[in-house]
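# Topology and contacts: notes
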Amino acid sequence: MSRANPGVAGSTGRAGSTGRADIAVELQGITKRFGDLVANDHVDFDVRRGEVHALLGENGAGKTTLMRILYGLTAPDEGEIRIDGRPVTVRSPKDAIAAGIGIVTQHFSLVRPMTVAENLALGRTGGFRLDLERTRRQVAGASERFGIRVDPAAIVGELSIGEQQRVEILKALARDCRVLILDEPTAVLVPQEVEALFMTLRRLVADGLAVVFISHKLGEVRAISDRVSVLRRGAMVGTVPGSTDERELARMMVGRPTFGVARSEPTGGEAEVLLRVSGLRAAGRHGLPALHDVTFEIRRGEILGVAGVSGNGQTELVEVLSGMRHPAAGSITVDGTELAGATPTAMMAAGVGRIPEDRHASLVADLSVADNLVLERLDDFTTRTGLDERRIREHATMLIERFDIRARPEDRVTTLSGGNIQKVLLARVLSRQPKVIVVAQPTRGLDIGATEYVRGELLARRAAGAAVLLVSEDLDELLALADRLIVLYEGRIVGEIPAADADPERLGILMSGRGRAA
Amino acid sequence: MTFLVDLLAATLRNATPLVYGTVGETYAERSGVLNLGIEGTMYAGAFFGFAAAYASGSLLVGLGAALAVGLLAGALMGLLTVTLGANQHVSGIGLTIGLVGLSEFVNRLLFRGGELQRIEPFPLVEPPAFLGPLAPIFSQYALTYLAFLVLVPLAWWILRGTSFGLELRAVGENPEAADAAGISVARTRYLALMFGGALMGLGGAVFTLASLGSFTLDIIAGRGWVCIALVIFGRWRIGRGVIGALLFSAVYSLQLRLRILPGWGDVPFELLLALPYLVVILALAISGRNVAYPGAYLKPYRRT
Ligand SMILES: Nc1ncnc2c1ncn2[C@@H]1O[C@H](COP(=O)(O)OP(=O)(O)O)[C@@H](O)[C@H]1O
Ligand SMILES: [Mg+2]
């Protein structure tokens, strides 16, 4: 792994040799329980000046909780925090800020309708009068000093995610933080933005900043960190140098060796066609045409991948195929039945299962897991007097077991991790044995374990004879799962390739619209 | 001409309590708390302001009492919704019922059965002579001048141009962010509720200490609820809220005058009385669509 900054390179070797004097923050024996769930179990962790220390772990491992404790947002049940060697009590973020700790949370803590300058002024102005002009100059100064470009007058809600993150980092730095915690900073960034973030971090670390970098992405962790500590189910597994290879990190994180999940050889090319779409047209969000003459078919036991930069008609295609959006023209047949323009209920009845991109919008967060699992088929669980609670519970217990959902039937969905939420959705859709599955971004934001699980389930449905339409922005996922790929560009199919002939480069050219003439 | 001048004068006069209430409610809501206690707070401000002025013989003592009662009502709302995290709708309506009941109870104790007690209310400010025919417009109570010339600009500036205003807005939009920035969400909300409550109390006192010089049952008559609507109409901006108050007051003052005009006698006066409220509903229906509520509206904040 090459590094841009020679000042940081080789510091992994330093890991063993540096003394305790370098330790900026030390957590010892931190324990935090939520009810009977132990989110942190006697965790030890420290970070030194001038290093990036990665905190690696699957979703729900307790990374965020540990850092919230350090920042005073969550009170620990046990344990000690030492800053510069001295034991301290961090009762609120105010204490943490005073101790030189800054955090960029997973969900940004910015006030969206306010300007960048106002956000930076928040909580740090001295006098009663708000001198925004001065704050603006300070922002510009800090922006210059740390090499992080932001426009002080911009409204935060109108900035891109990458820009908002820069505002968050600047906010922490402008308060002279000496320890910067970044909670899954790359989850929301495109690759170019990740590279820019890493350049910034390397520069800051070379100036002596201590950085805690939280992630569950192995490649990134290796690229940026000097040391890596791995959390699993609330417990610290161990701390290893940043150069440790990915397999080993994955093993520490998941607790077992992992293998990529990929499709086996194509199932019969002569199988019958289950989904046939022809001449499909539809309008998009602002009434503008979003799909033009889209035609394709999927056979029994086949996964058709849909590649494309987001916003090229994928969302509309999935919506039309699940009955959420009315097509302007064209035909959709499932197993011979014409369904263009049918309602979502009719689509479902005809055997279409839908696992949409926005999993939160498909579940009712405040209802229990059990209730969410029967939401699409309440009629099957109704007696003359109302809902049949007992059967709903049994049904949930069965699916929780079958789909390995880490939750109890009565848990509200809002308390579940992303991976478990996706499993609930998967269970709800797949338990009805749909003939055609329309699925979008099924593993976005999920950790390795959950990703492998979801992909395995899709392949299992393929083996069982379902026709799967898989929309994904993750090319590796498409290449690993799909039998055949189509590429959408500006609402048209601009290429169709058997998976065996596809590679990222060729797909990239088609996705950028440059392959149209061919 | 005199009709218009009179109408304008009445509009400003009748808008005064609404301005106090609307500004007070705007502060509460911008901090993330819907204060439905406003109707009761105005009622208590009207009664206790009157009672204190009656007992002491000083209007200023009356004003002070109204302000203090409002401050306490705001603090109580804070205790319920901020400290105890109770539902804001229930807390606010409960506060209103409680304060109306308390006011009427004390009223019966103090002024039992007897005839209506009166005080000498605030006089109208005498406008300078050179204004000629426009003079009536400026013949207003000091409390009206205070509302439009001091309170409105001051409240606007505090919200926009002070650290406290910035913190208040942040707490109402994204309390997690404010907390993470080291701002006390609870303290800020208490301050907003108490400041707002004090204004509501003053708004109520305008009726007893200025307009009427006496306290009668049902004196607020839903003006508090009107302020709630005006805040939404104003999209949580001080300026727009005041414009809404003027609009409501203009229609209210107009229908008062229509009643005594020849030819309008046949129209049931209840219908005319409903007119300003209908106008508010209409204005809300037209302008109230797609409004961006404060991000933390109705949400109690708790660290985990
Ligand atoms: N406020 C809370 N109440 C109950 N459980 C929580 C709370 N916060 C986190 N948890 C649980 O604690 C565990 C660790 O969560 P978290 O620290 O967010 O994990 P990570 O950041 O590693 O994904 C998860 O099982 C999560 O559901
Ligand atoms: Mg987390």
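Residues numbered from 1 in each chain as written. Chains lettered and ligands numbered in written order. Predicted model: local features only at pLDDT ≥ 70, side-chain atom pairs only at ≥ 80, totals over all residues. Heavy atoms only, no water.

### Let's talk about the side chain of Thr26(B)
Residues and elements named next belong to chain B. Formally: By the criteria applied, helices consist of DSSP H or I runs no shorter than four residues and strands consist of E runs no shorter than two, each listed in order from the N terminus. Accessibility here uses a 1.4 Å probe with only protein chains present; expressed as a share of the type maximum, an area under 20% marks a residue as buried, one over 50% as exposed, and anything in between as partly exposed. When checking whether two residues touch, look at their non-hydrogen atoms; a contact exists if any pair is within 4.5 Å.
Take Thr26: it is sitting in helix H1 (residues 2–30). Since its relative accessible area comes to 2%, Thr26 is described here as buried. With sequence-adjacent residues up to four places away left out, Thr26 is seen in contact with Val231, Trp236 and Ile238.

### Focus: the pattern of salt bridges
Residues and elements named next belong to chain A. Our working definition: Each salt bridge in this description consists of a side-chain nitrogen of Lys or Arg and a carboxyl oxygen of Asp or Glu lying within 4 Å of one another.
Within the structure shown, the criterion is met by 36 salt bridges over all chains. Here Lys435 ties to Asp335 by a salt bridge, and the two come within 3.2 Å at their closest N and O atoms. One end of the pair, Lys435, is in the loop between helix H15 (418–430) and strand E19 (436–440); the other, Asp335, is in the loop between strand E14 (329–334) and strand E15 (337–338), with 100 residues separating them in the sequence. The partly exposed category is assigned to Lys435, whose relative accessible area is 33%. Asp335 gets classed as partly exposed once you look at its relative accessible area, which sits at 33%. Here Glu473 and Arg444 are joined by a salt bridge, their closest N and O atoms 3.2 Å apart. Taken together, the residues span a long stretch of sequence, with Glu473 in the loop between strand E20 (467–471) and helix H17 (475–481) and Arg444 in the loop between E19 and helix H16 (448–463) at a distance of 29 residues.

### Considering the site of ligand 1
All names here are of chain A. Which entries qualify depends on this criterion: Residues are counted as near a molecule or strand when any one of their heavy atoms sits within 4 Å of it. Whenever two N or O atoms come within 3.5 Å, that pair is a polar contact, provided that in protein one can donate a hydrogen and the other can accept it, and provided that, for residues adjacent in sequence, both atoms are side-chain atoms. The Shrake-Rupley method, run with a 1.4 Å probe sphere, supplies the accessible areas, and residue values consider only the shown protein chains as cover.
Taken together, 13 residues lie near ligand 1, and Gly60, Gly62, Lys63, Thr64 and Thr65 sit nearest. In this structure, Ala61 approaches ligand 1 through a main-chain N or O atom, which is 3.2 Å from an oxygen atom. At a separation of 2.8 Å, an oxygen atom of ligand 1 approaches a polar backbone atom of Lys63. About the coverage of ligand 1: the protein hides 69% of its 560 Å² of free accessible area. Only strand E2 (37–48) and helix H2 (63–70) provide two or more residues apiece to the shell around ligand 1. Take the shell around ligand 1: its biggest share by element is three residues, from H2.

### A word on H16(A)
Because each turn of an α-helix spans 3.6 residues, side chains separated by three or four positions in sequence point in the same direction. For clarity, the cut-off: One fewer than the residue count of a helix, multiplied by 1.5 Å, yields its expected span.
For H16(A), built from 16 residues, the straight-helix expectation of 22 Å at 1.5 Å per residue is met to within 8% by its first-to-last C-alpha distance of 22 Å. By the criterion of burial, H16(A) is predominantly enclosed, with 13 of the 16 residues buried.

### Observations regarding the pairing of strand E8 (residues 210–215) of chain A
Residues and elements named next belong to chain A. For clarity, the threshold we go by: For two strands to pair, DSSP has to find at least two bridges joining them.
Here E8 lies mainly inside the structure; six of its six residues are buried. With burial as the criterion, each face of E8 is covered, one bearing Ala210, Val212 and Ile214 and the other bearing Val211, Phe213 and Ser215. Looking at chain direction, strand E3 (residues 52–56) and E8 are connected through five bridges and run parallel. What sits directly across from His53, in E8, is Val212. Where strand E7 (residues 179–183) meets E8, five bridges bridge the pair, whose relative direction is parallel. In the strand pairing of E8, Val179 is matched with Ala210.

### Here we look at the domain arrangement of chain A
Basically, it comes down to this: Domain delimitation follows an automatic or database domain assignment.
Splitting chain A by domain gives domain 1 (6–100 + 178–251), domain 2 (111–176) and domain 3 (273–362 + 435–511). Each of domain 2 of chain A and domain 3 of chain A has a C-alpha centre, and the two are 41 Å apart.

### Thoughts on the confidence of the model for chain B
Our working rule: The pLDDT value tells you how sure the predictor is about a given residue, anywhere from 0 up to 100.
Across chain B, pLDDT averages 93, with 99% of residues at or above 70. Across the whole predicted complex the pTM is 0.76, and at the interface the ipTM reaches 0.85.

### Notes on empty space enclosed by the protein
Here is the rule we go by: For each structure, a 1 Å grid was placed over the protein atoms alone; sets of points admitting a 1.4 Å probe that cannot get out are labelled cavities, open sets with protein on both sides within 12 Å along at least five of seven lines are labelled pockets, and lining residues have an atom within 4 Å of a point. Grid points are joined across faces, edges and corners, and a volume is the space filled by probe spheres set on the points. Here the nonpolar group is Ala, Val, Leu, Ile, Met, Phe, Trp, Tyr, Cys and Pro; Asp, Glu, Lys and Arg are the charged ones; every other residue, Gly included, is treated as polar.
The full count for this structure, using the stated rule, is six cavities of 30 Å³ or more. Each pocket or cavity is described by its volume, and for the largest cavity that value is around 140 Å³. Lining the largest cavity are 14 residues; nearest its centre among them are Tyr71(A), Ile103(A), Lys171(A), Ala172(A) and Ala180(B). Mapped onto the lining of the largest cavity, the elements with two or more residues apiece are strand E6 (101–104) and helix H6 (161–174) of chain A together with helix H8 (175–180) of chain B. Taken together, the residues of the lining of the largest cavity sort by class into nine nonpolar, two polar and three charged. The volume enclosed by the second largest cavity comes to roughly 60 Å³. Taken together, Leu230(B), Phe233(B), Gly244(B), Leu247(B), Phe248(B), Val279(B), Val280(B) and Ala283(B) form the lining of the second largest cavity. Here the lining of the second largest cavity is built from residues that sort into seven nonpolar, one polar and no charged.

### Comments concerning helix H18 (residues 504–511) of chain A
Residues and elements named next belong to chain A. Heads up, the condition is: Read the arc as the range of directions from the helix axis to the C-beta atoms.
Turning to H18, its buried residues are Leu507, Leu510 and Met511. Here the buried residues of H18 occupy an arc of 95° about the axis, which is enough to place them on one side. Looking at the buried side of H18, the elements it contacts are strand E13 (302–307), H17, strand E21 (484–489) and strand E22 (492–498). Looking one or two residues beyond H18, the residue adopting positive phi is Gly513, at roughly 85°.

### So, the sheet that holds strand E4 (residues 78–83) of chain A
Residue and element names in this part refer to chain A. As a reminder of what qualifies: A fitted line through C-alpha atoms serves as each axis, taken over the contacting stretch for helices, and the angle formed by two N-to-C directions is quoted from 0 to 180°.
If you trace the four strands from one edge of the open sheet to the other, you get E2-E1-E4-E5, paired in antiparallel fashion. This sheet does not close on itself; its edge strands, each paired only once, are E2 and strand E5 (86–88). When strand polarity is set aside, the average angle formed by the axes of neighbouring strands in this sheet is 25°. Summarising the sheet, strand E1 (residues 23–34) and E4 pair through five bridges and their orientation is antiparallel.

### Describing the packing of aromatic side chains
All names here are of chain B. Rule in force here: For Phe, Tyr and Trp, where Trp contributes only its six-membered ring, two rings pair if their centres lie within 6.5 Å, and the inter-plane angle classes them as stacked under 30 degrees, edge-to-face over 60, or tilted in between.
Under the defined criterion, the tally for this structure stands at 14 aromatic pairs over all chains. Between Phe47 and Phe111, the ring centres sit 6.5 Å apart and the planes meet at 75°, which makes this aromatic pair edge-to-face. Of the two residues, Phe47 sits in helix H2 (residues 38–56) while Phe111 sits in the loop between helix H4 (88–110) and helix H5 (135–138), which places them 64 residues apart along the sequence. With respect to class, Phe47 is no different from Phe111; both count as buried. Both rings, one in Tyr293 and one in Tyr297, keep their centres 5.0 Å apart while their planes meet at 55°; by these two values the pair is tilted. Among the residues examined, Tyr293 registers a relative accessible area of 41% and is labelled partly exposed. For Tyr297, a relative accessible area of 13% translates into the label buried.

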